[in-house]
Protein chains: 2
Amino acid sequence: MSHTLGIRQVQKLKTRQALMDAALGLLEEQSLSSLGLREVTRAVGVAPTAFYRHFRSTADLGVALVEAALGSLHPVLGDLMSAVGDSDELVERAVDLIARHVDAYPAHVRFIARERHGGVQPVRAAIQGQLARFAEEVRAELAKRPETAGWTDDDRLMLAGLYVDQMLMTASLFLEALDEPEEERARAMRLASRRMRLISIGCRHWLD
Amino acid sequence: MSHTLGIRQVQKLKTRQALMDAALGLLEEQSLSSLGLREVTRAVGVAPTAFYRHFRSTADLGVALVEAALGSLHPVLGDLMSAVGDSDELVERAVDLIARHVDAYPAHVRFIARERHGGVQPVRAAIQGQLARFAEEVRAELAKRPETAGWTDDDRLMLAGLYVDQMLMTASLFLEALDEPEEERARAMRLASRRMRLISIGCRHWLD
DNA sequence: AATCACGGAGAACAGTTGTTAACTGCATGG
DNA sequence: CCATGCAGTTAACAACTGTTCTCCGTGATT
């Protein structure tokens with residue numbers, strides 16, 4: 001089934017990845033709608049026209065970046081929530097996971113936070129789509145847990161969306177604290193934990 | 001005290017306002033970091049160099065827009081929260097207020113949501129500053145209410161920040177539903193209400 | 001009434017942008 | 001082994017950008 005890729009396709013994928021990496025780097029201090037195609041190719045060290053071999057436009061590049069940043073995260077989220085434990089432990093695990101992810105892939109996180117409401121419609125749509133998938137998956141996991149027994153599926157989706165948004169806000173919070181001293185980062189983690197714990201408490205008393 | 005402004009200052013303020021309005025319009029489909037100074041002056045019908053009489057750069061314009069979009073909102077928020085009523089009624093009032101505000105000033109709301117994590121550092125800082133002020137004010141109002149009696153001031157600030165973020169998410173949600181049929185808009189309002197009500201429930205049981 | 005201050009216009013600058021076209025070298029499939 | 005497809009190059013295009021300098025008209029100041 002898996003046809004070993006020829007030298008040529010490997011090279012193509014390599015420059016494609018180089019373009020995406022360079023773009024991510026440039027997007028740390030600007031938004032996608034101001035990212036020039038030449039800017040990207042210059043950073044890679046390749047001719048401007050080579051860009052068209054991989055992407056139709058910078059918007060197209062952006063959509064690919066969304067997939068790269070969020071696509072591989074679905075199984076991670078599934079593993080997190082299927083691991084048993086009371087909700088307080090789950091909160092701690094989630095916050096820790098987010099902190100680790102922000103440390104490992106800051107540029108990805110920044111890109112998503114920035115372009116979620118950014119000026120490029122197709123990219124916004126791609127992110128919204130991925131986040132909707134996340135919410136759906138969280139809802140499915142929520143249905144297995146005792147905390148939401150007797151809930152409407154619609155209410156579960158509401159809670160799932162709230163959690164997903166909260167995760168993004170948390171990630172963005174950690175992003176701002178990246179270069180700050182360890183003390184500040186610890187404060188951010190405690191703050192995020194308390195926020196999510198308050199939500200989980202609200203969840204415990206929802207059916208009153 | 002109030003020195004009546006001369007003809008000249010009035011004209012200056014008028015073109016300054018025209019520049020800001022034009023920029024806000026252009027920013028509906030792009031982000032500030034890609035907004036050109038010439039683009040703005042062209043939309044107003046004024047020479048490019050006139051821009052410098054009012055703003056040092058587009059980033060400077062952005063900071064002014066932040067002030068225009070959020071500055072006048074502080075008393076509104078104060079009125080909202082000082083009006084007595086149980087928390088459920090407060091939630092309904094808040095959601096309704098946000099919906100009305102999004103209808104009246106969609107461009108302002110879009111701008112804030114977009115540039116909060118946008119690519120222009122001074123503008124991000126200005127928004128963060130305003131949001132911090134909002135959080136502080138909400139905390140002060142929270143301290144007067146019975147729901148947070150016995151709370152740490154730090155916990156009150158946590159809740160206040162959560163509410164402020166939730167208001168922004170709600171506004172952004174309504175923004176997406178602006179052109180959709182009335183039915184969809186009603187669903188968005190119910191969703192936002194449930195989210196905030198769940199938080200307020202969590203608040204009621206925080207001290208356990 | 002004469003001077004000044006200043007918002008705005010105009011022209012020009014070097015540098016940048018996206019996109020097209022025709023070309024080159026080489027891995028690949030028959 | 002040879003012909004083809006295709007990633008990447010080079011050159012050129014008109015259009016656009018931010019910024020500087022010089023100038024103009026007129027409301028404001030004394």
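Residues numbered from 1 in each chain as written. Chains lettered and ligands numbered in written order. Predicted model: local features only at pLDDT ≥ 70, side-chain atom pairs only at ≥ 80, totals over all residues. Heavy atoms only, no water.

> In this structure, what is going on with the overall build of chain A? I would like to understand it.
Scanning chain A from N- to C-terminus turns up 9 helices and 0 strands. Secondary structure elements of chain A, listed N to C terminal, follow the sequence α-α-α-α-α-α-α-α-α. With the principal axes as the frame, chain A shows a C-alpha extent of 65 × 45 × 30 Å. In chain A, which comprises 208 residues, the share counted as buried stands at 47%. (Helix = DSSP H or I, 4+ residues; strand = E, 2+ residues; numbered from the N terminus. Buried < 20%, exposed > 50% of the residue type's maximum accessible area, 1.4 Å probe, protein only.)

> Which parts of the structure should I look at to understand the protein's contact with DNA strand C?
Every one of the 19 residues lining DNA strand C counts as a neighbour, but I7(A), R38(A), R42(A), R53(B) and H54(B) are closest to it. Sugar and phosphate atoms form 40% of the subset of DNA strand C atoms that lie within 4 Å of the protein. Contact distances for DNA strand C include 2.6 Å between a phosphate oxygen and a backbone N or O atom of I7(A). Between DNA strand C and T15(B) there is a distance of 2.9 Å, counted from a phosphate oxygen to a side-chain nitrogen or oxygen. Every element with two or more residues in the surface near DNA strand C is listed here: α1 (7-26) and α2 (37-44) of chain A together with α1 (7-26) of chain B. When its residues are assigned to classes, the surface near DNA strand C shows 6 nonpolar, 6 polar and 7 charged. (Near = heavy atom within 4 Å. Polar contact = N/O pair within 3.5 Å; in protein donor to acceptor, adjacent residues only side chain to side chain. Nonpolar A, V, L, I, M, F, W, Y, C, P; charged D, E, K, R; others polar.)

> What should I look at first to understand a nonpolar patch on the surface in this one?
A cluster of nonpolar side chains, namely L5(A), V10(A) and L13(A), defines an oily patch on the protein surface of about 250 Å² accessible area. Along the chain, L5(A) falls in the segment before α1. (Patch = residues over 30% accessible without salt bridge, like charges linked within 9 Å, V, L, I, M, F, W, Y side chains within 5 Å. Areas by Shrake-Rupley, 256 points an atom, 1.4 Å probe, with all protein chains shown as cover. Salt bridge = Lys/Arg side-chain N within 4 Å of Asp/Glu carboxyl O.)

> Please explain the domain arrangement of chain A as it appears in this structure.
By convention, interface size is frequently given as the accessible area that disappears when the constituent parts associate. Residues and elements named next belong to chain A. Each assigned domain of chain A is listed here: domain 1 (7-56) and domain 2 (68-204). The centre of domain 1, based on its C-alpha atoms, is set 29 Å off from the matching centre of domain 2. Around 750 Å² of area is buried between domain 1 and domain 2 when both sides are counted, 69% of it from carbon and sulfur atoms. Of all residues in domain 1, L24, E28 and L32 bury the most surface against domain 2, accounting for 64% of the area lost on that side. Viewed at the interface, domain 2 and domain 1 are joined by 1 salt bridge. (Domains from an automatic or database assignment. Buried area = accessible area lost by both parts, 1.4 Å probe.)

> Honestly, the packing of helix α3 (residues 58-70) of chain A against helix α7 (residues 121-144) of chain A in this entry has me stumped. Any pointers?
The relative placement of two packed helices is expressed as an angle between their axes plus a distance between the axes. Residue and element names in this part refer to chain A. Following both chains from N to C, one finds α3 and α7 inclined at 20 degrees, their axes separated by 8 Å at the closest point. Taken together, the axis directions place α3 and α7 in an arrangement best described as roughly parallel. Here α3 and α7 pass one another in a crossing that is right-handed. Residue-level contacts link A59, G62, V63, V66, E67 and L70 of α3 to P122, V123, A126, I127, Q130 and F134 of α7. Its residues assigned to classes, the contact of α3 with α7 shows 9 nonpolar, 2 polar and 1 charged. (Axes fitted to C-alpha atoms, helices over the stretch in contact; angles between N-to-C directions. Parallel < 35°, antiparallel > 145°, perpendicular 65-115°, else oblique. Left-handed = near helix turned anticlockwise from the far one by under 90°. Contact = heavy atoms within 4.5 Å.)

> I would appreciate a short explanation of the relation of the copies chain B and chain A in the present structure.
Its rotation angle being 180 degrees, the transformation that places chain B on chain A also includes 0.0 Å of axial translation and leaves an RMSD of 0.0 Å. Both copies are brought into coincidence by an operation consistent with a two-fold rotation axis. Using C-alpha coordinates, one finds that chain B approaches the rotation axis most closely at G202(B), a distance of 1.7 Å. Most of the interface of chain B is mirrored in chain A, where 100% of its interface residues are also at the interface. (Least-squares fit on C-alpha atoms with pLDDT ≥ 70 in both.)

> Would you mind going over the protein's contact with DNA strand D with me for this structure?
Every one of the 19 residues lining DNA strand D counts as a neighbour, but R8(A), R53(A), H54(A), L37(B) and R38(B) are closest to it. At 2.8 Å from a base nitrogen of DNA strand D is found a side-chain nitrogen or oxygen belonging to R8(B). Contributions of two or more residues to the surface near DNA strand D are made by α1 of chain A together with α1 and α2 (37-44) of chain B. Residue composition of the surface near DNA strand D, by class: 6 nonpolar, 6 polar and 7 charged.

> Mind showing me how you'd approach the side chain of R114(B) here?
Note that R114(B) resides in helix α6 (residues 106-115). A polar side-chain atom of R114(B) sits 2.9 Å from the main-chain carbonyl oxygen of L27(B).

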